[in-house]
Amino acid sequence: MQPYLTLVRRELTGYFNSFLGYVIIASFQLLLGLSFVLLLKSADGQPLDMPVTEKFFMTGFFWLILLLGAPVITMRTFALEKFSGTFETLMTTPVSDLQVVLAKFTGSLLFYLLAWLPTLAYPYLLRYNSINLPPIDPGTIVSTFLGIFLFGAFYLAMGCFASSLTRAQVVAAMITFALGLGLFLLSFLSIIVPATPGWQSKLYAHISMVEHMRDFTRGMVDTRFVVFYLSLTLIFLFLTLKVVESRRWK
Amino acid sequence: MDADSPNSFSPGRKWGVGTNTLVSVIAFLAVMTMLNYLASRHFTRLPLSFAAKEQLSTLTVQVLQSLPEPVKIILYYDPDETLYGPVSQLLKEYTLLNPTRLSLDVVNYVVEPAKAELIKNQYKLPPQAKDLVIFECRGKTKIVAQSDLSDYDISKVISGESNEVKRKAFLGERLFTSAIRTVADPQTLRAAFLVGHGEHDRTNSLSDYGYGRFTSLLRENGIQISPLSLAETNDVPADTQLLIIAGPTRAFDLGEIDKLDRFLNKGGRLFLLLNYQSRTGLERLLSKWGVDFGEGVVVDEKKSRSNSSVIVGSYGAHPVVGALAQAQLPLQLILPRPVLKRAGPQGADAPQVVELATSSPEGIAVNDVRDGVPRPNPATDPVGAIPLMVAVEKGSIKDVNLDRGSTRMVITGDSFFLGNKLLEAAANRDFAWHAVNWLLDRSQLLGGIGPRKITEYTLTVTQGQMRNLRWLVLAGLPGGVLLLGALVWFRRRY
């Protein structure tokens, strides 16, 4: 366990010792802030069918952050180590491949969550800067952050996998972005393709990330979606592990 | 190393490990797929927020879970319409609750003209039809239009403050549940409103004491409404499952009372709402059924919002008020008359009379009422928990053929509380729903509280506040993070 924790600390330190980590968090906040201000402008005085918290995640900014943020956060995990030649050094230390993969994933996930953390201040900022703010439901915030965590874990696991495939950070980022965008666009199949009684419609609904996020932001936690994202995360971590292990026999 | 063992870098070893990895990846993917398959078949939806918990009322859950036949729902809608989101979300919740009996088909008439035309022909919709939700079960159809799904606030338009009609509530659950109930119910229920004695106007939805909204409630629940004049008919028609007498003010003649008596003796169902102005001559008939009317009106100063209103939260043990008692929801009545269970010995075949609601122990039955204003006299007026409404039920009557099963009545000492003004106050609407369903023997609908309105969320930010927020979220938070980064960088460098 100790080597794993040491590696996680090393990963996190890597983010916060470079200026890039702060730029990523600041960009997150800028995009979220922009989304927030635009939402307030459109909703000001207008009756909404849903709480502000739900409306906030209905805008495209959340997906933009996820699609762009995950590649930027994870591109360095393996690719940078391989490029700078520290990967082989790392793998000769008495740590298992699994520990390395999990530590890199955990480090990027913690960084991702830290980047979202300032968003928790939004309800309080709004409370002191609005006239008739409807009460904000803590349950909604919990489920929304559960959604953010699950989506993030999946995209970051995918990013770790992409990073393990190459020595070039840019290529890793592009692979992650392409995979992420592809899976995101699959969400719209349930909207584009007319519903039929067969299994296809159920499958489209099951992989519709937009619909899943809508549920999380409404305060509804569906165990199907939790299993879906956790299993996708595990699949990509497993694939990453296999790629890391492949250096032994390739 | 054994001389016979292959070299660890040999192509054979590589292929062996590669195949092993491939198999393990396929096996892992298969396990994850199976896990997802199982998760999709055995899932739970955990509501964490209050809004999600209130998503579907107990009543809706009961209706959906007890569907006898499959119901097809067609969402014939333009996704760009404002209400598409809440409507589709709500219908999704419905289908998730009973996926075997409910199916949802979404037709976007803007991008699917061929399919839209098919739907129009199938359901005989007019050419300009749009934004509808169609419910179908065994050929029985009910259509809910977008215009019905909102409740509007027109108070500002009436007062001249604004020309804007604001949508104040979304009525989706109420209408969808009743539509499903209607199409899935093999019976057609009929209720008659008695007319000719100064009753509340069942068609008037605008005046405070009209019964238009109450009529809408009945229609929403698949009950056909018709007027009935006892003067023009020999008997109450046999297909009348429920007779409603809402606040009569003029006396009934003997012939009419006889007709009512015959109706009740044949297992009729009566919802009788009297008020402090009612002097109908029905007292003698009701005394036969074990019900007495007290004199005057009941006031309850500790439980009042005004001189005339009485808040009632003390309920008897009866299905009509069981859900209200459980949820501790009060009723708001206007100057109710005492309605009592008749004192004296009761035979085995006597009607079962249950007091549904009583005033608080501080209630006063005021005898002196002038111009609608009660004038209590502590010396003479009775004080205590005074019954304000009763339910009556009687099984078989000797030598009488009961056309409709057992006789049932709900008798209340106030009729104004189900008028347009007060129907939505306190739990009055829920009481009306439960009383009607008990009278119609729809026991499966008595367990929960009826669908409620969904409130809209309005947020108002002044210009100054918006400026503050803009600075904080666009400059403060990102700038703060960058500043921290610069400090770290500076410290590490120097």
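Note that the coordinates shown come from a computational prediction; the quantities given were computed from them, not determined experimentally.

Let's talk about the interface of chain B and chain A
Now for step 1: Facing the 61 residues of chain B at the interface are 65 residues of chain A.
Now for step 2: Taken together, the two surfaces of chain B and chain A that pack against each other cover about 5,800 Å², and 66% of this comes from carbon and sulfur.
Now for step 3: At the junction of chain B with chain A, the criterion picks out eight residue pairs in polar contact (both at pLDDT 80 or more).
Now for step 4: If you tally residues by element for the side of chain B that touches chain A, the top one is helix α13 (residues 463-493) of chain B, at 17 residues.
Now for step 5: Residue composition of the side of chain B that touches chain A, grouped by class: 34 nonpolar, 16 polar and eleven charged.
Now for step 6: Two elements, strand β2 (residues 220-222) of chain A and strand β1 (residues 45-47) of chain B, share three bridges in a ladder whose sense is antiparallel. The partner of A:M220 across the bridge, within β1(B), is B:P47.

Section: the confidence of the model for chain A
Now for step 1: This prediction gives chain A a mean pLDDT of 85; 91% of its residues lie at or above 70.
Now for step 2: Summarising per-element confidence for chain A, the mean pLDDT is lowest in strand β1 (residues 47-48) of chain A (63) and highest in helix α14 (residues 223-245) of chain A (93).

What to know about a nonpolar patch on the surface
Now for step 1: There is a patch of nonpolar side chains on the surface, built from A:F19, A:L20, A:V23, B:L482, B:W489, B:F490 and B:Y494 and spanning about 680 Å² of accessible area.
Now for step 2: Contributing elements (two or more residues each) for the nonpolar patch: α2 (19-43) of chain A together with α13 of chain B.
Now for step 3: Along the polypeptide, B:Y494 turns up in the segment after α13.
Now for step 4: For B:Y494, a relative accessible area of 64% gives the class exposed.

A few points about the pattern of salt bridges
Now for step 1: Following the criterion strictly, the structure yields 22 salt bridges over all chains and no others.
Now for step 2: Note that A:D215 is salt-bridged to A:R218, the shortest N-O span being 3.0 Å.
Now for step 3: Here A:E245 makes a salt bridge to A:K242, at a shortest N to O gap of 3.2 Å. Taken together, the residues span about one helical turn, with A:E245 and A:K242 both in helix α14 at a distance of three residues.
Now for step 4: For A:E245, a relative accessible area of 25% puts it in the partly exposed group.
Now for step 5: The buried category is assigned to A:K242, whose relative accessible area is 17%.
Now for step 6: Because the salt bridges share partners, they merge into one network encompassing A:E211, A:R214, A:D215, A:R218, A:D222, A:R224, B:R45, B:K92 and B:E93.

Structural notes on the sheet that holds strand β3 (residues 102-107) of chain B
Residue and element names in this part refer to chain B.
Now for step 1: Taken in spatial order, the four strands line up as β3-β2-β4-β5 in an open sheet, and their pairing is mixed. Two strands close off the open sheet at either side, each with one partner strand: β3 and β5 (140-145). Strand-to-strand, the axes of this sheet are offset by a mean angle of 15 degrees, without reference to chain direction.
Now for step 2: Looking at chain direction, strand β2 (residues 71-76) and strand β4 (residues 132-137) are connected through five bridges and run antiparallel. Along β4, the bridge assignment pairs I74 with I134.
Now for step 3: Sheet contacts for helix α4 (residues 84-97): β2, β3 and β4; angle to β3, the most-contacted strand, approximately 155 degrees.
Now for step 4: Here helix α5 (residues 113-122) sits on the sheet and contacts β2, β3 and β4; the angle it forms with β3, its principal contact strand, is near 125 degrees.

Let's talk about the nonpolar core
Now for step 1: Judged by nonpolar contacts, the single largest core of 75 residues is most densely connected at A:W63, A:Y112, A:W116 and A:Y155.
Now for step 2: Ranked by residues supplied to this core, first place goes to helix α9 (residues 138-165) of chain A with eleven residues.
Now for step 3: Aside from chain neighbours lying at most four places away, what touches A:Y112 is A:F28, A:L66, A:I73, A:I148, A:G152 and A:L156.
Now for step 4: B:L64, B:L67, B:I223 and B:A435 belong to the second largest nonpolar core, which has 72 residues in total.

Digging into the environment of B:F135
Residues and elements named next belong to chain B.
Now for step 1: Secondary-structure assignment places F135 in strand β4.
Now for step 2: On the basis of relative accessibility, which here comes to 0%, the residue F135 falls in the buried class.
Now for step 3: Each C-alpha atom, one on F135 and one on I180, is 6.5 Å from the other, the two residues being 45 residues apart in sequence.
Now for step 4: F135 has contacts with K72, I73, L91, K140, T141, K142, V144, F176, A179, I180 and V183, leaving out every residue within four places of it along the chain.

What to know about the packing of α9(A) against α14(A)
All names here are of chain A.
Now for step 1: Viewed as axis vectors pointing N to C, α9 and α14 meet at an angle of 15 degrees, and their least axial separation amounts to 8 Å. Classified by the interaxial angle, the pair formed by α9 and α14 is roughly parallel. Crossing angle aside, the handedness with which α9 passes α14 is left-handed. Residue-level inspection shows L150, F151, A153, F154, A157, M158, C160, F161, S164 and L165 of α9 in contact with α14, the latter providing V226, Y229, L230, L232, T233, F236, L237, L239, T240 and V243.
Now for step 2: Looking at side-chain class alone, the contact of α9 with α14 contains 17 nonpolar, three polar and no charged residues.

A short note on the confidence of the model for chain B
Now for step 1: Looking at chain B as a whole, its pLDDT mean stands at 82, while 86% of the residues score no less than 70.
Now for step 2: Under a pLDDT of 50 for its full length, residues 398-402 of chain B has, in the predicted model, eight contacts with residues more than four places off or in other chains.

With respect to the packing of helix α4 (residues 61-74) of chain A against helix α7 (residues 97-116) of chain A
Residue and element names in this part refer to chain A.
Now for step 1: Across the interface, α4 lies against α7 with an axial gap of 11 Å and an inter-helix angle of 140 degrees. Comparing their axes, α7 and α4 come out oblique. In this structure, α4 crosses over α7, and the sense of that crossing is right-handed. Across the interface between the two elements, F62, I65, L66, I73 and T74 of α4 pack against S108, F111, Y112 and W116 of α7.
Now for step 2: Class assignment of the residues belonging to the contact of α4 with α7 gives a composition of seven nonpolar, two polar and no charged.

Here's the deal with the packing of aromatic side chains
Residue and element names in this part refer to chain A.
Now for step 1: Summed over all chains, the structure comprises 32 aromatic pairs over all chains.
Now for step 2: Pairing F62 with F151 gives two aromatic rings, centres 6.2 Å apart and planes at 75 degrees, and the pair type is edge-to-face. Taken as a pair, F62 in helix α4 and F151 in helix α9 lie far apart in primary sequence, 89 residues in all.
Now for step 3: Given the relative accessible area of 2%, F62 is considered buried.
Now for step 4: Here the basic side chain of K82 rests over the ring of F87, its NZ or CZ set 5.6 Å away from the ring centre.
Now for step 5: Over the ring of F78 we find K104; its NZ or CZ atom is 5.6 Å from the centre of that ring.

Topic: the pairing of β4(B)
Looking along a regular strand, one sees side chains alternate from face to face of the sheet.
Residues and elements named next belong to chain B.
Now for step 1: β4 sits mainly inside the fold: six of its six residues count as buried.
Now for step 2: Burial of the side chains of β4 extends over both faces: L132, I134 and E136 are buried on one face and V133, F135 and C137 on the other.
Now for step 3: The pairing of β4 with β5 spans six bridges and is classified as antiparallel. For E136, the partnering residue across the bridge sits in β5 and is T141.

Quick word on empty space enclosed by the protein
Take a probe with the size of a water molecule and roll it over the atoms, and the empty space left behind shows itself.
Residue and element names in this part refer to chain A.
Now for step 1: Per the counting criterion, the structure on display carries three cavities of 30 Å³ or more.
Now for step 2: Of the voids in this model, the largest cavity is the one considered here, and its volume is about 230 Å³.
Now for step 3: If you trace the largest cavity, you find 15 residues lining it, with T53, F56, F57, Y122 and P123 closest to the centre.
Now for step 4: Sorting elements by how many residues they give to the lining of the largest cavity places α9 first, with four residues.
Now for step 5: Among the residues forming the lining of the largest cavity, the class breakdown is eleven nonpolar, four polar and no charged.

A look at the pairing of strand β14 (residues 309-312) of chain B
Residues and elements named next belong to chain B.
Now for step 1: Residue alternation in β14 divides its side chains into two sets, S309 and I311 and V310 and V312, and both sets are buried.
Now for step 2: Here four bridges tie β14 to strand β16 (residues 331-334), and the two strands are oriented antiparallel to one another. Residue pairing in the sheet places V310 in a bridge with L333 of β16.

Reading the values: rules and limits
- Residues numbered from 1 in each chain as written.
- Chains lettered and ligands numbered in written order.
- Predicted model: local features only at pLDDT ≥ 70, side-chain atom pairs only at ≥ 80, totals over all residues.
- Heavy atoms only, no water.
- Contact = heavy atoms within 4.5 Å.
- Buried area = accessible area lost by both parts, 1.4 Å probe.
- Polar contact = N/O pair within 3.5 Å; in protein donor to acceptor, adjacent residues only side chain to side chain.
- Helix = DSSP H or I, 4+ residues; strand = E, 2+ residues; numbered from the N terminus.
- Nonpolar A, V, L, I, M, F, W, Y, C, P; charged D, E, K, R; others polar.
- Pairing = 2+ DSSP bridges.
- pLDDT = per-residue confidence, 0-100.
- Patch = residues over 30% accessible without salt bridge, like charges linked within 9 Å, V, L, I, M, F, W, Y side chains within 5 Å.
- Areas by Shrake-Rupley, 256 points an atom, 1.4 Å probe, with all protein chains shown as cover.
- Salt bridge = Lys/Arg side-chain N within 4 Å of Asp/Glu carboxyl O.
- Buried < 20%, exposed > 50% of the residue type's maximum accessible area, 1.4 Å probe, protein only.
- Axes fitted to C-alpha atoms, helices over the stretch in contact; angles between N-to-C directions.
- Core = buried A, V, L, I, M, F, W, Y, C linked by side-chain atoms within 4.5 Å.
- Parallel < 35°, antiparallel > 145°, perpendicular 65-115°, else oblique.
- Left-handed = near helix turned anticlockwise from the far one by under 90°.
- Phe/Tyr/Trp six-rings, centres within 6.5 Å; stacked < 30°, edge-to-face > 60°.
- Lys NZ or Arg CZ within 6 Å of the ring centre and 35° of its normal.
- 1 Å grid on protein atoms, 1.4 Å probe; cavity = no way out; pocket = protein on both sides within 12 Å on 5 of 7 lines; lining within 4 Å.
- Points joined across faces, edges and corners; volume = space filled by probe spheres on them.

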